[in-house]
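Architecture at a glance
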Amino acid sequence: MRRAAILLAAVALLAALPALVIAGCSLGSDDDEPAAQPARRFGEREVAAMVAVEEVRARLSPVSDLVALGRHDAAAVHLAEARELWEALRPRSARRDPVLAREIDVAFDRVRRALAARATFDTVRDVAGPLQSQLFGGVREDLVPKEARFDDRVNAATLVRLLDRLVAAYETGDAEGWEHAFGLTERSQAVARELAPDLGPQRDAVVEGLKELRQAAWPEGLAQPAGRAPAAEIADRARAIRAALAERF
């Protein structure tokens with residue numbers, strides 16, 4: 001719950017910042033060519049909203065996989081974190097689409113009941129999957145203008161912030177942090193896929209770099225490995241991906 005509070009404070013801070021920044025480098029200036037104009041049209045408010053939605057999805061990502069391993073209690077922890085993050089987003093989302101907000105509330109309850117009943121993997125996946133994908137895809141559409149959702153600089157900045165959170169979660173060294181980092185990696189890969197057509201010569205460094213990071217940290221998914229990749233290695237891999245994004249954008 002403490003991490004959720006930290007995230008909410010970070011989102012509020014990001015929303016107040018005036019410029020879109022990747023890895024400490026401005027993504028647009030008054031002297032840039034027209035291609036930089038989206039960086040001026042969209043700022044940290046849009047990026048913060050994108051990150052907030054992806055953080056909820058990242059918490060939902062490991063739920064089904066943990067159930068497949070018989071770890072319903074661990075799955076319930078991530079579901080509770082996801083729900084707390086959703087409660088912070090709910091007022092703004094509900095103003096735009098109250099029907100969607102109610103559907104999400106119902107879906108959370110369905111997943112919670114399935115976990116409490118020690119339901120099978122298929123049962124949990126069938127309720128958790130649509131919550132993560134379609135329903136929170138709808139939240140993202142409500143909170144982020146279409147032009148910003150498809151802007152490469154907004155997506156690149158979102159990916160950078162997800163990588164930062166991934167490294168921080170992995171570095172905790174505990175099971176929950178490791179599982180959360182797995183979810184953040186999945187969501188980072190999803191954002192990278194949307195960015196892929198615009199990555200140019202940095203495509204492999206980003207897309208393949210994320211694939212290799214995931215393989216290094218979770219070679220067998222969420223099954224506990226005999227030994228985990230060192231946190232320093234994961235941080236180095238994330239740093240290389242951030243550098244490729246900064247070079248491209």
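The structure under discussion appears in the preceding block.
This is a predicted model, so every value here is computed, not measured. (Residues numbered from 1 in each chain as written. Predicted model: local features only at pLDDT ≥ 70, side-chain atom pairs only at ≥ 80, totals over all residues. Heavy atoms only, no water.)

**Here we look at the packing of aromatic side chains**
Within this structure, the stated rule accounts for five aromatic pairs. For the pair Phe108 and Phe136, a centre-to-centre distance of 6.2 Å together with 75° between the ring planes defines the contact as edge-to-face. Here Phe108, found in helix 5 (residues 98–116), pairs with Phe136, found in helix 6 (residues 121–143); they are 28 residues apart in sequence, far enough to count as distant. Grouping residues by exposure puts Phe108 and Phe136 together as buried. For the ring pair Phe182 and Trp218, a centre distance of 5.7 Å and an interplane angle of 75° mean the geometry is edge-to-face. Here Trp218 lies in the loop between helix 10 (203–217) and strand 3 (219–222) and Phe182 lies in helix 9 (residues 175–195), a separation of 36 residues in the sequence. Each member of the pair Phe182 and Trp218 is classed as buried. (Phe/Tyr/Trp six-rings, centres within 6.5 Å; stacked < 30°, edge-to-face > 60°. Helix = DSSP H or I, 4+ residues; strand = E, 2+ residues; numbered from the N terminus. Buried < 20%, exposed > 50% of the residue type's maximum accessible area, 1.4 Å probe, protein only.)

**A look at the side chain of Asp105**
Along the chain, Asp105 turns up in helix 5. For Asp105, a relative accessible area of 15% puts it in the buried group. At 2.9 Å, the side chain of Asp105 and the side chain of Trp86 are in polar contact. Of the polar contacts made by the side chain of Asp105, one reaches the side chain of Arg90; its length is 2.6 Å. Once residues lying within four places of it in the same chain are set aside, the contact partners of Asp105 are Arg83, Trp86, Glu87 and Arg90. (Polar contact = N/O pair within 3.5 Å; in protein donor to acceptor, adjacent residues only side chain to side chain. Contact = heavy atoms within 4.5 Å.)

**Considerations on the pattern of salt bridges**
Taken as a whole, this structure holds 19 salt bridges when the rule is applied. Here Arg165 makes a salt bridge to Glu55, at a shortest N to O gap of 3.5 Å. Of this pair, Arg165 sits in helix 8 (residues 152–171) while Glu55 sits in helix 3 (residues 44–68), and the two are 110 residues apart along the sequence. Take Arg165 and Glu55: they sit in the same class, and that class is buried. Here Arg214 ties to Glu186 by a salt bridge, and the two come within 3.2 Å at their closest N and O atoms. (Salt bridge = Lys/Arg side-chain N within 4 Å of Asp/Glu carboxyl O.)

**Quick look at the packing of helix 3 against helix 6**
The packing of two helices is summarised by the inter-axis angle and the distance between the axes. Closest axis-to-axis distance for the helix 3/helix 6 pair is 9 Å, and the angle between their directions is 175°. As the angle between them shows, helix 3 and helix 6 are arranged roughly antiparallel. Each residue belonging to the contact of helix 3 with helix 6 can be placed in one class, and the counts come to 15 nonpolar, five polar and five charged. (Axes fitted to C-alpha atoms, helices over the stretch in contact; angles between N-to-C directions. Parallel < 35°, antiparallel > 145°, perpendicular 65-115°, else oblique. Nonpolar A, V, L, I, M, F, W, Y, C, P; charged D, E, K, R; others polar.)

Keep in mind these numbers describe shape, not what the thing actually does.
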